[in-house]
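Residues per chain, in single letters:
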Amino acid sequence: MKLKSPDMKYHTSHSAVFSCHYHVVWCTKYRRQVLSVDMQTRLKDLLLEKQCEYGYEVQGCEILSDHVHLLLSVTPSKPVSSVVGRLKGYTAHILRSEYPELKSRLPSLWTRSKFVATAGEVTLGVLKRYVENQKGV
């Protein structure tokens, strides 16, 4: 069997070969600009730290003062909505414990909503550039 795009990175599990990429965005509650540069750096570290445990790989990440852009590769056995939910819960818990000022400013760190779009191999490069260029906006 020949793979359509040999340049593209495929992942394997014991029963599948896959390439599932998602563009994910979520915002702070009330879209408040509460994520300082220190918090943004810590949040990025937290997102990278849970990759193996939650079954995803960060392909691109950009964090602004009021929202997060991620380009994720997710194992098909894990629903992307549950991966994002776990990430939001974990990061909110840690950030609110390390930065008490977040507790006084917001009842919860993140909104309950999220944006998720699939990314095909044609748009993957475009999405990576888009996510990387979010700081310049």
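Residues numbered from 1 in each chain as written. Predicted model: local features only at pLDDT ≥ 70, side-chain atom pairs only at ≥ 80, totals over all residues. Heavy atoms only, no water.

**Student:** Tell me what's going on with the packing of aromatic side chains, and back it up with residues and numbers.
**Tutor:** Under the counting rule described, the total for this entry stands at one aromatic pair. When the ring of Trp26 is compared with that of Trp110, the centres are 5.7 Å apart and the planes differ by 85°; the resulting orientation is edge-to-face. With Trp26 in strand 3 (residues 21–27) and Trp110 in the loop between helix 4 (101–105) and strand 6 (115–119), the pair connects residues that are 84 residues apart, well separated along the chain. Residue class for Trp110 comes out buried when judged on its relative accessible area of 6%. Sitting over the face of the ring of Tyr30, Lys29 holds its NZ or CZ atom 5.7 Å from the ring centroid. Residue placement shows Lys50 over the ring face of Tyr90; its charged tip is 4.6 Å from the ring centre. (Phe/Tyr/Trp six-rings, centres within 6.5 Å; stacked < 30°, edge-to-face > 60°. Helix = DSSP H or I, 4+ residues; strand = E, 2+ residues; numbered from the N terminus. Buried < 20%, exposed > 50% of the residue type's maximum accessible area, 1.4 Å probe, protein only. Lys NZ or Arg CZ within 6 Å of the ring centre and 35° of its normal.)

**Student:** Tell me what's going on with the sheet that holds strand 3, and back it up with residues and numbers.
**Tutor:** Pairing is antiparallel in the open sheet, where four strands are placed in the order 4-5-3-6. Each edge of the open sheet carries a strand with a single partner, namely strand 4 (56–63) and strand 6. Averaged over all neighbouring strand pairs, the angle between strand axes comes to 20°, with direction disregarded. Pairing between strand 3 and strand 5 (residues 67–74): seven bridges, direction antiparallel. Bridge assignment links Trp26 to a residue of strand 5, and that residue is Val68. Each of strand 3, strand 4 and strand 5 is contacted by helix 1 (residues 37–49), which is oriented at about 170° to strand 4, the strand it contacts most. Running over the sheet, helix 3 (residues 80–98) touches strand 3, strand 4, strand 5 and strand 6 and is turned about 40° from strand 3. (Pairing = 2+ DSSP bridges. Axes fitted to C-alpha atoms, helices over the stretch in contact; angles between N-to-C directions. Contact = heavy atoms within 4.5 Å.)

**Student:** If you had to explain the nonpolar core to someone new, which residues and values would you point to?
**Tutor:** Counting 33 residues, the largest nonpolar core has Trp26, Leu47, Tyr56, Leu70, Leu87, Leu109 and Trp110 as the members making the most contacts within it. Contributions of two or more residues to this core are made by strand 3, helix 1, strand 4, strand 5 and helix 3. Element by element, the count of residues in this core is highest for helix 3, at eight residues. Once residues lying within four places of it in the same chain are set aside, the contact partners of Leu47 are Trp26, Tyr56, Val58, Cys61, Ile63, Val68, Leu70, Leu87 and Thr91. (Core = buried A, V, L, I, M, F, W, Y, C linked by side-chain atoms within 4.5 Å.)

**Student:** Describe the pattern of salt bridges, with residues and values.
**Tutor:** Within the structure shown, the criterion is met by three salt bridges. Here Glu98 ties to Arg42 by a salt bridge, and the two come within 2.8 Å at their closest N and O atoms. Taken together, the positions of Glu98 in helix 3 and Arg42 in helix 1 put the pair 56 residues apart, joining distant regions of the chain. You can call Arg42 partly exposed: its relative accessible area is 24%. (Salt bridge = Lys/Arg side-chain N within 4 Å of Asp/Glu carboxyl O.)

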